[in-house]
Amino acid sequence: MTTRHGAGNQVVLETRGLTKRFGGLVAVADFDFNIHKGEICSLIGPNGAGKTTVFNVVTGIYKPEAGSVSFKGRDITGRKPHDIAAGGVARTFQNIRLFKNMTCMENVMAGQHCRIRSGILSSLFRTAAQRSEEQRVREIAEVRLRQMDLWRFRNELAKNIAYGSQRMIEIARALASVPSILVLDEPSSGLNPRETENLMEFLKELIVKEELTILLIEHDMNVVMGISDWVTVMDEGCKIAEGRPEKIYNDPKVIEAYLGSDGNGQMA
Amino acid sequence: MTDRFSFNKSPGASKAAVVAAILIFFIFPFFAGDYAIDTAFFFGIYALLGLSLNIVLGEVGLFDLGHAGFYAIGAYTTAILNTVYGLPVLALAPVSAMAAALFAYLVCSPIIHLRGDYLCIVTIGMGEIVRLALINNPFNITGGPNGVFGIDFPSLGGFLVIDSSIEYYFLIWGVVGVTIWGLVRLQNSKIGRAWNYIREDEAAAGAIGVDVRKYKLLAFVIGAGIAGVAGNIYASKLMVVSPESFSFWESCLLFCIVLIGGMGSIPGVLIGAAFISLFPEIFRPFAMYRMLVFGSVMILMMMFRPQGFWPRKRGRFSPGKALLKQEGEA
């Protein structure tokens, strides 16, 4: 895979000197990274390295103690999550967080929430504008569900479908908000090898077909090496390496962070 | 279709059941005595209060155990403005609604970020503060423990004076009907979905673009407004309001209505309200066992049917026409 990182591509997401502490623990320390438009960027690192914290700061769930996050050139540091989502950052969670007692269709429709304007009065009186908005929301959700082969689950409650399908519904929900950047927190965890393969295919296709940028945290090295254009490695809250996947794979610092003294040749 | 329960699922049958229920509601008061009609009136009051709490507790999942406070604000607003300034009761219905809604907005704004049991404790405190304030007779307007009496009948400029049981019955159920109509529309809109997203997972709702704070406050404001209208009707029906009508126990009853019926389910609320208001009347001879039965029912419900008697059925979606066409072409 050719790297598209750097020159010529617009920076979509950028953090500068990002620092997040929890009490005495420094979860993320002075963390810088750039994500360029149209690439799949992976954030990897051992457990507790601070990857999810970076995600949570970027998506507004945590406020950083220092540093800044800018998205498409605008500073979004410390903004509320719903504000950041409306700006075009859509995410999924490490432990799937669907709206369990709602149908898959309603879950995916959630993505469009921040894109429609109708208020109380237009909802009460079902104005023409409100009805056409509702129609559009359904259509967007329907297109996503069909595209991801989940349409048959539309009327199932989210809690009742298989784990792998729940993961895909969560991604569909994020995509339904028509984001500029899709932020996936361990999308392949809990998936079997076949589902992981399908997910990789789907993401690769997505990045080509749609104007999208993907940032993911991933533990499965096959996924990381298979689809990333750029890999950033974290350990103990700091960035220890970044580069193209081939380079990262052989980087001694990365190998040390992952394997420590236990050298069985497998990345965890 | 040979399933013997299939009539439950047939839309024709359930539509017929709804029509039959509405017909009974219209015809019943002409054949019943005042006592039965008054009982049905209080069923209506509890249905309206249950619907109002259902927005906060059922749709958004916020534990509000101080809902009687909003009800009290509505009732006292009507009582005071009617007895002191002689404003007509019907015109005071929207005023009561707005007073309760404004109170909810002011009181809930600083506490809306609290979750679960923390919010529950604060709302209990809020309800109690309202009741105690009424007892303490601030500015000499609430009449202290005796309350305010001499509230007028609702009337429309002397043409239509609502002063009999049957008229009150139609008034309250008319309001319940309009409320149900509005709530069904909200349920099937962006707003209702946003409320449910928050109930299901607040963090995920925020991350997908739902302004959690705004929608929680909106639920409180609308819920309090409807409770305020219930207070208005209650005040004119009883002609007297006093603090003891708005005790913590009242908030608990409303909580039970929503839990028994099914969180977020409108038919469920009606069933819960029927249980709370009709049951004690039917079993009046056994009044001393009332609490025992209430308690047992709640425990059994939580054990065997935690989703309520009539949980909400989620909407089903059929394929969009435009998309089917598109697919056919492809």
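Residue numbers run consecutively from 1 along every chain, following the written order of its sequence. To label them, take the chains in the order written and letter them from A, then take the ligands in the order written and number them from 1. It should be noted that, the model being predicted, local features are given only for residues of pLDDT at least 70 and side-chain atom pairs only at 80 or more, the latter also being counted only at that level, while totals for whole chains, interfaces and linings use all residues. Heavy atoms throughout the structure, all of them, feed into the side-chain values; hydrogens and water do not.

## As for the sheet that holds strand β8 (residues 213–217) of chain A
All names here are of chain A.
- Taking strand neighbours across the sheet as the criterion, the six strands line up as β6-β7-β8-β3-β9-β10 in an open arrangement whose pairing is mixed. Looking at which strands have only one partner, the edges of the open sheet turn out to be β6 (89–91) and β10 (238–243). Each strand axis lies, on average, 20° off the axis of its neighbour in the sheet, ignoring direction.
- A contact between two residues is defined here by any heavy atoms of the two lying within 4.5 Å. Fitted lines through C-alpha atoms serve as axes, helices being fitted only where they are in contact, and the angles separating the N-to-C directions of these axes extend from 0 to 180 degrees. In this description a helix means any DSSP run of H or I spanning at least four residues, a strand means any run of E spanning at least two, and both kinds are numbered starting from the N terminus. Sheet contacts for helix α6 (residues 163–175): β6 and β7 (181–185); angle to β7, the most-contacted strand, approximately 155°.
- Sitting on the sheet, helix α10 (residues 252–259) is in contact with β3 (40–44), β9 (230–235) and β10, with an inclination near 130° to β10. Any two strands between which DSSP finds at least two bridges are classified as paired.

## Details of the pairing of strand β4 (residues 66–71) of chain A
Residues and elements named next belong to chain A.
- Note: strand β1 (residues 11–22) against β4, five bridges, orientation antiparallel. By the bridge assignment, Arg16 is partnered in β4 with Ser68.
- Of the strand pairs in this sheet, β4 and strand β5 (residues 74–75) are connected by two bridges, and their pairing is antiparallel. From the neighbouring strand, Ser70 faces β5, where its bridge partner is Asp75.

## Regarding a nonpolar patch on the surface
Residues and elements named next belong to chain B.
- On the surface, a cluster of nonpolar side chains totalling about 850 Å² of accessible area is made up of Val18, Val19, Ile22, Leu23, Phe26, Ile27, Phe30 and Phe31.
- By the element assignment, Phe30 lies in the loop between α2 (11–27) and α3 (34–59).
- Classification of Phe30 by relative accessible area gives exposed; the value is 57%. Residues with no salt bridge and a relative accessible area higher than 30% make up the patches, which join like charges within 9 Å and nonpolar side chains (Val, Leu, Ile, Met, Phe, Trp, Tyr) within 5 Å. All accessible areas in this document rest on Shrake-Rupley with a 1.4 Å probe, and a residue is counted as covered only by the protein chains that are shown. Salt bridge, as applied in this entry: a Lys or Arg side-chain nitrogen positioned within 4 Å of an Asp or Glu carboxyl oxygen. Under the scheme applied here, a residue whose accessible area is under 20% of the maximum for its type counts as buried, over 50% as exposed, and between as partly exposed, the area being computed with a 1.4 Å probe on protein chains only.

## Concerning the interface of chain A and chain B
- Of the residues lining the interface, 43 residues belong to chain A; the matching set on chain B comes to 37 residues.
- When chain A packs against chain B, the two sides together hide about 3600 Å² of surface, and 62% of this comes from carbon and sulfur.
- Linking chain A to chain B there are three salt bridges.
- In this structure, Arg314 of chain B and Glu106 of chain A form a salt bridge, with 2.8 Å as the shortest nitrogen-oxygen distance.
- A 3.5 Å cut-off defines polar contacts: any pair of N or O atoms within that distance qualifies, except that in protein one atom must be a possible hydrogen donor and the other a possible acceptor, and neighbouring residues in sequence count only when both atoms are side-chain atoms. Counting the contacts that link chain A with chain B gives eleven residue pairs in polar contact (both at pLDDT 80 or more).
- Those elements that place two or more of their residues in the side of chain A that touches chain B are α2 (81–87), β6, α3 (104–109), α4 (120–124), α5 (128–147) and α6 of chain A.
- The biggest single contributor to the side of chain A that touches chain B is α5 of chain A, with eight residues.
- When the residues that make up the side of chain A that touches chain B are grouped by side-chain class, the tally is 20 nonpolar, ten polar and 13 charged. In this description, buried area is defined as the sum, over both parts, of the accessible area (probe of 1.4 Å) that is lost when the two are combined. Side-chain classes are defined by residue name, with Ala, Val, Leu, Ile, Met, Phe, Trp, Tyr, Cys and Pro counting as nonpolar, Asp, Glu, Lys and Arg as charged, and the others, Gly among them, as polar.

## A word on the domain arrangement of chain A
Residue and element names in this part refer to chain A.
- The domain boundaries here were taken from an automatic or database domain assignment. Domains assigned within chain A are domain 1 (1–88 + 179–268) and domain 2 (101–178).
- Placing a centre on the C-alpha atoms of domain 1 and another on those of domain 2 gives a separation of 27 Å.
- If you look at where domain 1 meets domain 2, you find one salt bridge.
- Linking Glu210 and Arg144 is a salt bridge whose minimum nitrogen-to-oxygen distance equals 2.7 Å.
- Applying the counting criterion to the domain 1 and domain 2 interface returns four residue pairs in polar contact (both at pLDDT 80 or more).
- Taken together, the elements giving at least two residues each to the side of domain 1 that touches domain 2 come down to α2, β7 and α7 (193–209).
- In terms of residue count, the dominant contributor to the side of domain 1 that touches domain 2 is α7 (four residues).
- In terms of residue class, the side of domain 1 that touches domain 2 is built from eleven nonpolar, four polar and four charged.

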